[in-house]
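Understanding the architecture of this molecule
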Amino acid sequence: CQTSLRRLDDHRVNCILQSVAMLLVLAALTAVAAHVSPADQALVEQYVRAHANETFREPAGYLRFPYLVPAGPYNQLWDWDSMFTGLALLPYGSARYFAGSMMNFLDHTNASGMVRGCLTPDGETLTEYHAKPVIIQGAYMAAKAMDDLAQFQPFLPQMEALVDYWFRERYHADQGLFVWYDQLESGCDNLVISTCPSAYSSCWDAHIDSLVMAAPDLMAFLYRETQSLSLFLQSWSSNTLDPATQQTYIKKSEYYLSLSGAILKGVQKLWDDDLGHYVALNITSGPVLNRVFLMAFPIWAHMANSTQAERALASIYAPDMMSPFGIRSTSSTDPRYTNENVIKPYSNWRGPVWINANAMLAYGALGYGLNSTAADISSRVVSTLAADIRSSGTWHECYNSETGAGLAAPGFLSWNTLGAALSTNIAKGINPFKLD
């Protein structure tokens, strides 16, 4: 027993020493953070300006409102693509398409809160079991940019149904955590935190693999969803003349704010203080310790305290995670690490650099005053995007974390548009994802 205790103490000491070392590395690296070259920044901005309207679509068939598509090989309305693209392209005229995209998802949310994550003019697709919880926050950011929060007031029943769905169908009250249906639903199609990504894989067993993965990204998305609904209701309460309706909105606003507080408390269950970063949890088998970019994801939603934020980013800056081209999706030491150029049945989240993940972590770092860290991440990302334009004349879905080469979906135009203003925003201390 004493031997076991000594081993445990040794493990904790080693973890603490590793965390201290990582913090020192982070401080050293970001103290000399690279700044993106003006030529790279200008090239990326020019590319987005020239191609932004390729993502815009007018109402068609099943989609009654204007919407956004990722261009390239895609011509569908996707949940988080629309949030990222709509936000990034606001300076280029995306506002009505951004708002319309969220309206389309709300338009097809039924009374039980069910809506698919991919819609087309011909109807819904079955690719994603349920839309990621980004619809309400997407609506809020679009409406705020248009200075017109009232346009979404008719969709209050659908917004409430969406939140209720996650608490009714995906919440484990004993853990304070929510679960994805499968890995594909999360958008990180085949990320290694799941042993089997979805029914598109022969390994899939719904009794074992579905509804078991609690992960930091889902907690962060839901935290922002409930905050956004509370902010909508707060605004509507201030602009209604009926006292009874005003009081109803105020009470509902307080209720959804309290839900966000419960989610904030729940995410602490995913913090591993020995490792110094967030982990996933398979609710049937226990913690999932694979090193992936989600280790720091809650900083994007400002759910970490300052110490947690610094330690999580230190883990991200370890050599197995940080590449010259940006943050890897999965650690280079993971047995399933690969930069394979694939898109079917899954896009590759087992090694490549993804622009949306990097942008969120850069803005997350900015929120904690870690400006040099944010600038360093942004410079890597913008340089990678600029290099792709110079070498191929276009953009790709993700990037080889060993070479920086574009992988899959040539012509892809979605969350990579976040690169247009990323370095400029970081330099000015602007976080476009900020809700209030």
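Everything below is about the structure shown above.
Residues numbered from 1 in each chain as written. Predicted model: local features only at pLDDT ≥ 70, side-chain atom pairs only at ≥ 80, totals over all residues. Heavy atoms only, no water.

In this section: the overall build of the protein. Helix and strand counts for the protein come out as 13 helices and 16 strands. Relative to a compact globule of 436 residues, whose C-alpha radius of gyration would be 22 Å, the protein shows 21 Å and is just as compact. In terms of principal-axis extent, the alpha carbons of the protein reach across some 65 × 55 × 45 Å. Looking at the protein as a whole, 60% of its 436 residues are labelled buried. Considering only residue pairs separated by 6 or more positions, the protein has 70% of its internal contacts joining residues 24 or more positions apart. For the protein, the exposed area adds up to about 17,000 Å²; of that, 54% sits on carbon and sulfur atoms. Computed over 27 positive and 39 negative side-chain charges, the separation of the two mean positions in the protein equals 3 Å. (Helix = DSSP H or I, 4+ residues; strand = E, 2+ residues; numbered from the N terminus. Rg over C-alpha atoms; globule rule 2.2 N^0.38 Å. Buried < 20%, exposed > 50% of the residue type's maximum accessible area, 1.4 Å probe, protein only. Contact = heavy atoms within 4.5 Å. Areas by Shrake-Rupley, 256 points an atom, 1.4 Å probe, with all protein chains shown as cover. Lys, Arg positive; Asp, Glu negative; His and termini not counted. Charge placed at Lys NZ, Arg CZ, Asp CG, Glu CD.)

At a closest axis distance of 7 Å, the pairing of helix α11 (residues 355-367) and helix α12 (residues 371-392) adopts a crossing angle of 160 degrees. With respect to α12, the element α11 is oriented roughly antiparallel. Of the two possible hands of crossing, α11 and α12 adopt the one that is left-handed. Contacts between α11 and α12 pair I355, N358, L361, A362, A365 and L366 from the former with N371, T373, A374, I377, V381 and L385 from the latter. (Axes fitted to C-alpha atoms, helices over the stretch in contact; angles between N-to-C directions. Parallel < 35°, antiparallel > 145°, perpendicular 65-115°, else oblique. Left-handed = near helix turned anticlockwise from the far one by under 90°.)

What follows covers the sheet that holds strand β8 (residues 213-214). Sheets are built from strands paired through backbone hydrogen bonds, the pairs being either parallel or antiparallel. Reading across the sheet, the 3 strands line up as β8-β11-β12 and stay open at both edges, with antiparallel pairing between neighbours. What marks the edges here is a single partner per strand, and that holds for β8 and β12 (286-288). (Pairing = 2+ DSSP bridges.)

Glancing now at the packing of aromatic side chains. One pass over the full model with this rule turns up 35 aromatic pairs. Geometrically, the ring pair formed by W80 and F84 is tilted, given 5.5 Å between the ring centres and 50 degrees between the ring planes. Separated by 4 residues within a single helix, W80 and F84 lie in helix α3 (residues 79-88), roughly one turn from each other. Judged on exposure class, the residue W80 and its partner F84 are both buried. On the basis of an interplanar angle of 85 degrees and a centroid distance of 6.2 Å, the ring pair of F84 and W415 is categorised as edge-to-face. Remark: W415 occurs in the loop between β16 (406-407) and α13 (419-428) and F84 occurs in helix α3; sequence separation between them is 331 residues. The positively charged end of R96 is found above the aromatic ring belonging to Y97, 4.9 Å away from the centroid. Against the face of Y129 rests R116, its NZ or CZ located 5.4 Å from the ring centre. (Phe/Tyr/Trp six-rings, centres within 6.5 Å; stacked < 30°, edge-to-face > 60°. Lys NZ or Arg CZ within 6 Å of the ring centre and 35° of its normal.)

Note that P66 resides in the loop between β1 (56-57) and β2 (67-68). Excluding its chain neighbours within four sequence positions, the residues that come into contact with P66 are R57, E58, P59, R96, Y97, G100, S101 and N104.

Closest axis-to-axis distance for the helix α8 (residues 216-238)/helix α9 (residues 243-267) pair is 8 Å, and the angle between their directions is 165 degrees. By the angle between their axes, α8 is roughly antiparallel relative to α9. Viewed along their axes, α8 and α9 form a crossing whose handedness is left-handed. Partitioning the contact of α8 with α9 into residue classes produces 14 nonpolar, 9 polar and 1 charged. (Nonpolar A, V, L, I, M, F, W, Y, C, P; charged D, E, K, R; others polar.)

This part covers the sheet that holds strand β3 (residues 77-78). A sheet is described by the order of its strands in space; here 3 strands give the open sequence β3-β4-β5, paired in antiparallel fashion. The open sheet is flanked by β3 and β5 (123-124), the only strands paired with a single partner. Pairing geometry for strand β4 (residues 118-120) and β5, over 2 bridges, is antiparallel. Of the residues in β5, the one forming a bridge with T120 is G123.

P345 follows K344 through a cis peptide bond whose omega is 0 degrees. Summarising the element assignment, P345 is placed in the loop between β14 (326-327) and α11. Of note, the phi angle at D147 is positive, near 55 degrees, even though the residue is not glycine. Tracing the chain through its elements places D147 in the loop between α5 (135-145) and α6 (156-169).

If you look at the biggest cluster of nonpolar residues, it comprises 141 residues, and the most contacted ones within it are F152 and F232. It is α8 that provides the largest number of residues to this core, a total of 11 residues. In this structure, F232 is in contact with I136, A139, Y140, A143, L149, F152 and M159, ignoring residues within four places of it in sequence. (Core = buried A, V, L, I, M, F, W, Y, C linked by side-chain atoms within 4.5 Å.)

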